Amino acid sequence: MAQRALLDEVPWQPYADSPTTKYYTDWGAFERLLSSSWDVVFEEPRGSYDYVAGCGGGSGGPGGLLGERESRLAVAHYRFLRGVDRVAVGGGVVRVGFCLPRGSGWAAQHLVVEARGSSGVILDIDRRGGAGGSVVVEVLVEPGARLEVFARVRGGSAPLAVVLRRRLGRGSVVSSAVAAVGGGGVLRVEDASLLAGEASRFTGVGAALATRGSRVDYVVDVVHAAPDAYSRPVVRGYALGDGLVVARGVVRVLASGRGADTVFEAEAVMLGGEARAYAAPMMEIETGDVRVATHRAAQYRVPEDVLFYLGSRGLSEEEAVALVVRENLLAAVEGMELVGGAGRRALLEVLGEVLGPAVL
Amino acid sequence: MGGVEVSRVEELVSGAGVEEVLGFAREYPKEIEIRGRIERSLVEEISRVKKEPDWMRRHRLRALELFYKLPVPRWVIGVEQIDLEEIAYYVKPRAELVESWEELPSWIRDYYQRLGLPEAEAKALSGLTAVFDSETVLRRAKEELESKGVVLLPMEEAVRRYPDLVKEYFGRVFPAAEHKFAALHHALWSGGAFVYVPPGVRVVQPIEAFFFVGSELMGQFEHTLIVVGEGGSIQFIEGCAAPVMRRYSFHDGMVEIYAHRNARVYFSTIQNWSRNIVNFNNKRAIAEEGAYVEWLEGSLGSKITYTYPSTILRGRGASTRNLSVAIAKGPYIKDTGGKAIHAAPGTRSMIVSKSISAEGGLVVYRGLVKVLRGARGSVSHVQCDSLVLDGESRSYTLPRNEVDEPTAEVSHEASVGRLSEEQLFYLGSRGLSEGEAKALIVLGFIQDVLRGLPLEVASILSRVVELEFSELGALG
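Residues numbered from 1 in each chain as written. Chains lettered and ligands numbered in written order. Predicted model: local features only at pLDDT ≥ 70, side-chain atom pairs only at ≥ 80, totals over all residues. Heavy atoms only, no water.

## Thoughts on the pairing of strand β4 (residues 135-141) of chain B
Residues and elements named next belong to chain B.
Phase 1: Counting buried residues along β4, five of its seven residues qualify, which places the element largely inside the surrounding structure.
Phase 2: Judged from the six bridges that link them, strand β3 (residues 127-132) and β4 form a sheet pairing that is antiparallel. Counted as the bridge partner of A130 is L138 from β4.
Phase 3: Turn length for the β3-β4 hairpin, with the two strands adjacent in sequence and antiparallel, is two residues, and the turn residue D133 shows positive phi of about 55 degrees. (Buried < 20%, exposed > 50% of the residue type's maximum accessible area, 1.4 Å probe, protein only. Helix = DSSP H or I, 4+ residues; strand = E, 2+ residues; numbered from the N terminus. Pairing = 2+ DSSP bridges.)

See the structure below:
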């Protein structure tokens, strides 16, 4: 009852995203999901995984990185959550699959990953044909740990919010690559990292593909809360057909984050005749004591000279576009020793589904 | 002239700030002062005092209704400090509109002489209107303007003498419904300038409007409307000043520009309000086919400033450039930026913003580039850089680029940096004091903007920067 009351009190977000577009995420779709009757069953995922999460069980507690009253999304998530899964990784690579919730209503799933040593995590979230709702993954990285994370997110026609929250301890290093593909509905990805330990390092590439009819809003959030931290967040959006992709986020350097070194890039490529691409890389610097703090954004279509060159080599325009997108995306997993191979295969699989066999 | 030594504009800035030149606010005779709750009766009284036609009275009342309905924007930092019920919304000084400096009352003339306006007008301007509190007190126009058929009038007079022309544009470029403070402006506007440039006419020397707030707890709501006919061109300069006050005052001005086909409009503002002014600026232009609108914004003074000059590129091939420098030295906020809306094919925009914060200041760049579907082949570039001079100061960069047209190209770059110790050491070793070295580095930082300015404006801005930053002590 208290959570139901909270749902009425807490807004989706405190104010509009821009003077011309009230909300980049279509919160109306999530609002309608909240109103529908709840009747969800969880189905085991196909494929081979070391751990399966989000099946309606799970006896762990949340990791503390997503506040219960943070937003209407958080309130809804905790209201409908049936259990929290926890997995510890301390060397090697762990492949985690998520159950597919079927039925109607808000389906919430929650995983906490505790990382120590040198390890890799591969996350596979597939909601095609499934219910909408929320998936929260909290990653707690111990001081000195090195972690590679690859996540593949496939949305369906129902609205889905995927919230990734990472907390980096002192001297820890995290490399991340996330590929999020819209499935005709609304997909919101929140990719947040808190650099809480001195000299922690984060590099991350988020790739968002808005297929025909999809609206994908990829939001990066990096907070430098400790001295001498380093971050290189990159968001690349691709809008196909009449899809809308938003590549945005905020890098915050708090007063305690002196000596910060951060470069934020947001890029969006329009690949369809009615495609739309929005980019908003923001920075909030609370101290003048920063080493590097820059951001850049660009929105464009595949350059004519590139298409011409590839055309002269015998490729059709579709094939040329597929090739350019493929090479761009595969670069996201370059240098990832533990998860790069699996990540590459997962990316090619999803690109093949979206762009056709030409990409393979 | 009242025994007061005439100052040049350079001497204004060499007084290390407008506060030192103008000193503390002094009492002066007021003919009318209307303050209190913002109600229908207050708006009706303002309209009555101005002897306005009924259509303007009704415009004000519609805006008042919108003001009641619209919420206070929650993203605006510092707005909670304003108590709208303590402000005087209309203050008419005891002075009539005159056309020569000598006819002004001595207490008004004194302020303008300290600011160097008579000299500037004589040497470099083709026309000038001066607004004191809520009314225009001086209008001067050189023969060039009159012979070319250029209309330069106080806004109220234009409403009476050219109602059809004014009605066609007033509130159409920046409507009252845009946000709460735009609605407040439309309900309470007073003072300001109307400029009409006939087709094909190029006004060689700039026209200036100067706005002065003389009292504390006063609201100034001047409205400037500039209409430039096909192929015409004009440069317009806006200046602002106020003396030191114990309490704050509130400025909620508006500029609407309509640039017809192939017109060129250059609009410059050097804002150096004293530190107790809360300054809202609503500025927007519409550019038709082939037209060009340039905004230059120098935000130097005030307690808090919000200004986002915008251009709607409505006609094919229209273009705009938006250059701004914002300085927040001390516990002040400069929330500035620019917007470009591409609504036609082949349109181009460039926004360059340089901001500097020091001694606990906060600078915010807030921008929007929107490319609507159908604006084929449009191109936009935004560059916003911040220089944060010490550990206590802050900088936020909040751009948004929304592209609905796949053939458009939009790019954005931004950086936040601080003074380099190596640069300071190097310049120190060449004999510069620390303050001089900082001023030089800051000037280099804003070179991109200075290069695009008229020479006299660039030299004033450079001088202000030199004086502001040469006083800074050592870091840490």
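Picking up where we left off.
## Some details on the environment of B:E436
Phase 1: Among the secondary structure elements, B:E436 is positioned in helix α12 (residues 434-445).
Phase 2: Placed 243 residues apart in sequence, B:E436 and B:A193 show a C-alpha to C-alpha distance of 40 Å.

## Some details on the state of the cysteines
Residues and elements named next belong to chain A.
Phase 1: Tallying each qualifying case throughout the model produces one disulfide over all chains.
Phase 2: Here C55 is linked by a disulfide to C99, with a sulfur-sulfur distance of 1.9 Å. Torsion about the S-S bond of the C55 and C99 cystine: about 80 degrees, corresponding to right-handed handedness. Of this pair, C55 sits in the loop between β2 (51-53) and α3 (72-80) while C99 sits in the loop between β4 (92-98) and β5 (100-104), placing them 44 residues apart in sequence. (Disulfide = S-S within 2.5 Å.)

## Some thoughts on the interface of chain A and chain B
Phase 1: Listed per partner, the contact involves 37 residues of chain A and 34 residues of chain B.
Phase 2: Summed over the three residues of chain A that lose the most area to chain B, namely A:G288, A:H295 and A:Q299, the buried surface amounts to 17% of that side.
Phase 3: The interface formed by chain A and chain B holds two salt bridges in total.
Phase 4: Here A:E286 makes a salt bridge to B:R394, at a shortest N to O gap of 3.6 Å.
Phase 5: Counting every contact that joins chain A to chain B gives 21 residue pairs in polar contact (both at pLDDT 80 or more). (Contact = heavy atoms within 4.5 Å. Buried area = accessible area lost by both parts, 1.4 Å probe. Salt bridge = Lys/Arg side-chain N within 4 Å of Asp/Glu carboxyl O. Polar contact = N/O pair within 3.5 Å; in protein donor to acceptor, adjacent residues only side chain to side chain.)

## Section: the pattern of salt bridges
Residues and elements named next belong to chain A.
Phase 1: This structure, assessed with the given rule, holds 52 salt bridges over all chains.
Phase 2: Residue D126 is joined to R128 by a salt bridge in which the shortest nitrogen-to-oxygen separation is 2.8 Å.
Phase 3: D228 is the salt-bridge partner of R291, the closest N and O atoms lying 3.0 Å from each other. Placement of the pair is R291 in strand β19 (residues 290-300) and D228 in the loop between β14 (215-224) and β15 (230-239), with a sequence separation of 63 residues.
Phase 4: Overall, the relative accessible area of 33% leaves D228 in the partly exposed class.
Phase 5: Members of the salt-bridge network, linked through shared partners, are D17, E70, R165, R188, E190, D217 and R248.

## What about the side chain of B:S357?
Residue and element names in this part refer to chain B.
Phase 1: Within the secondary structure layout, S357 lies in strand β19 (residues 348-358).
Phase 2: Within polar-contact distance, the side chain of S357 engages the backbone oxygen of R394 at 3.2 Å.
Phase 3: Setting aside residues no more than four positions away along its own chain, S357 makes contact with A328, L362, V363, L387, V388, L389, S393 and R394.

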